[in-house]
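Results of the structural survey
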Amino acid sequence: MAENITQPVELDADTFLQSVEHKRRREDALALLPLFKDWTGMQPVVWANGLAGKPSSGILGFGHYHYKYKSGREGDWFLTGFSPRKQNLAVYIMPRLSPYEDLLEKLGPHKHSVSCLYLTNLAKNDLNILEKLVRSSLEIMKETYDWRTS
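Residues numbered from 1 in each chain as written. Predicted model: local features only at pLDDT ≥ 70, side-chain atom pairs only at ≥ 80, totals over all residues. Heavy atoms only, no water.

**Focus: the overall build of the protein**
To keep things clear, this is the line we draw: Strands here are runs of E lasting at least two residues and helices are runs of H or I lasting at least four, both read from the DSSP assignment and numbered beginning at the N terminus. Each residue is assigned to one of three classes by its accessible area relative to the maximum for its type, calculated with a 1.4 Å probe on protein chains only: buried under 20%, partly exposed between the two thresholds, exposed over 50%. By the convention used here, residues are in contact when the closest approach between their heavy atoms is within 4.5 Å. Here the accessible surface of atoms and residues is derived via Shrake-Rupley with a 1.4 Å probe, and residues count as covered only by protein chains that are part of the display. Counting rule applied: Lys, Arg positive; Asp, Glu negative; His and chain ends not counted. Working definition for charges: the position is that of NZ of Lys, CZ of Arg, CG of Asp or CD of Glu.
Check the secondary structure of the protein and you find four helices and ten strands. Its helices and strands in sequence order give the protein the pattern β-α-α-β-β-β-β-β-β-α-β-β-α-β, from N to C terminus. On the principal axes, the C-alpha backbone points of the protein span a range of 40 × 40 × 25 Å. For the protein, with 150 residues in total, the buried portion stands at 43%. Contacts in the protein between residues far apart in sequence, at least 24 positions, make up 57% of those at least 6 positions apart. Only carbon and sulfur atoms are counted for the fraction: they give 48% of the accessible area of the protein, which is about 8300 Å². One way to put it: in the protein the 19 positive side-chain charges average out to a point 6 Å from where the 18 negative ones average out.

Rendered as structure tokens:
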């Protein structure tokens with residue numbers, strides 16, 4: 001069975017974030033880094049698609065867990081994290097966002113998919129609400145999966 005294309009890579013988190021071309025995404029990601037370290041109690045690991053000379057295409061993941069689907073597919077992924085993309089700052093809430101509708105209403109401007117929040121201007125979001133989302137989702141992941149801090 002094929003491995004995930006996105007894997008942990010040997011790249012310093014600060015180097016990764018400084019390589020982000022979009023100024024607002026870089027600034028927002030640099031602001032989130034110490035918050036995620038505090039909220040998770042973990043150090044970041046850069047996850048990327050082989051990097052291919054493009055470190056700005058990665059994700060800062062915190063912790064990791066092993067999953068196995070009923071289909072037999074299994075792998076490792078981060079517990080939570082974020083990625084400074086060109087269009088937005090993506091924040092990964094791995095156990096799904098559907099249980100958090102009440103918090104999402106208070107977060108401020110955002111879009112979301114099943115497990116990913118898309119923020120375009122962190123200054124317009126309530127960081128206390130984001131902290132609650134990250135901490136709560138992290139606890140669910142820790143209760144559900146065999147996990148590690150790095």
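Further notes follow.
**Structural notes on the sheet that holds strand S2 (residues 44-48)**
To keep things clear, this is the line we draw: Paired strands are those between which DSSP finds at least two bridges. To get an axis, a line is fitted to the C-alpha atoms, and for a helix only the part in contact is used. The angle between two axes follows their N-to-C directions and goes from 0 to 180 degrees.
On the basis of which strands lie adjacent, the open sheet formed by seven strands has the order S1-S2-S3-S6-S7-S9-S8 and antiparallel pairing. Edge strands, defined here as strands with exactly one partner in the open sheet, are strand S1 (7-8) and strand S8 (111-112). Note that S8 and strand S9 (residues 116-119) share two bridges and pair antiparallel. Following the sheet pairing, Lys 111 is matched in S9 by Tyr 118. This element, helix H2 (residues 23-40), spans S2, strand S3 (59-62), strand S6 (80-84) and strand S7 (89-93) of the sheet and lies at about 170 degrees to S6. The strands touched by helix H4 (residues 127-144) are S6, S7 and S9; relative to S7, the strand with the most contacts, the crossing angle is about 40 degrees.

**A word on the side chain of Asp 28**
Cut-off, in case you're wondering: Here, a salt bridge means any Lys or Arg side-chain nitrogen found within 4 Å of an Asp or Glu carboxyl oxygen.
The topology assignment puts Asp 28 in helix H2. Of the side chains with opposite charge, Arg 24 lies nearest to the buried Asp 28, which makes no salt bridge, at 4.8 Å. Not counting chain neighbours up to four residues away, the residues in contact with Asp 28 comprise Leu 89, Thr 120, Asn 121 and Leu 122.

**Some points on H2**
Our working definition: For a helix, the expected span equals 1.5 Å multiplied by the residue count minus one. Bend angle per residue: angle between axes fitted to the 7 residues ending at that residue and the 7 residues starting there.
Taking 1.5 Å per residue, 18 residues should reach 26 Å; H2 reaches 25 Å between its end C-alpha atoms and fits that length. Approximately 25 degrees is the largest bend angle found in H2, and it occurs at Leu 33, with the proline Pro 34 only one to four residues beyond. All of the buried residues along H2 are Arg 25, Asp 28, Ala 29, Leu 32, Leu 33, Phe 36, Trp 39 and Thr 40. Those residues of H2 that are buried lie in contact with helix H1 (13-18), S2, S3, S6, S7 and H4. Positive phi shows up at Gly 41, right after H2, with a value of about 70 degrees.

**Considering the environment of Leu 127**
The topology assignment puts Leu 127 in helix H4. Separated by 95 residues in the primary sequence, Leu 127 and Leu 32 place their C-alpha atoms 9.4 Å from one another. Contact partners of Leu 127, with chain neighbours within four places excluded, come to Leu 35, Trp 39 and Leu 122.

**Quick word on the packing of H2 against H4**
To keep things clear, this is the line we draw: Any angle between 65 and 115 degrees counts as roughly perpendicular, while under 35 counts as roughly parallel, over 145 as roughly antiparallel, and the rest as oblique. Handedness of a helix crossing follows the sense of rotation of the near helix relative to the far helix, less than a right angle counterclockwise being left-handed and clockwise being right-handed. By the convention adopted, Pro, Cys, Tyr, Trp, Phe, Met, Ile, Leu, Val and Ala count as nonpolar, Lys, Arg, Asp and Glu as charged, and the other residues, Gly among them, as polar.
Contact geometry for H2 and H4: axes closest at 10 Å, N-to-C directions at 45 degrees. Taken as axis vectors, H2 and H4 run oblique relative to one another. Seen along the crossing, H2 lies across H4 with a hand that is right-handed. Across the interface between the two elements, Leu 32, Leu 35, Phe 36, Asp 38, Trp 39 and Thr 40 of H2 pack against Leu 127, Leu 130, Glu 131, Val 134, Arg 135 and Leu 138 of H4. Among the residues making up the contact of H2 with H4, the classes are represented as eight nonpolar, one polar and three charged.

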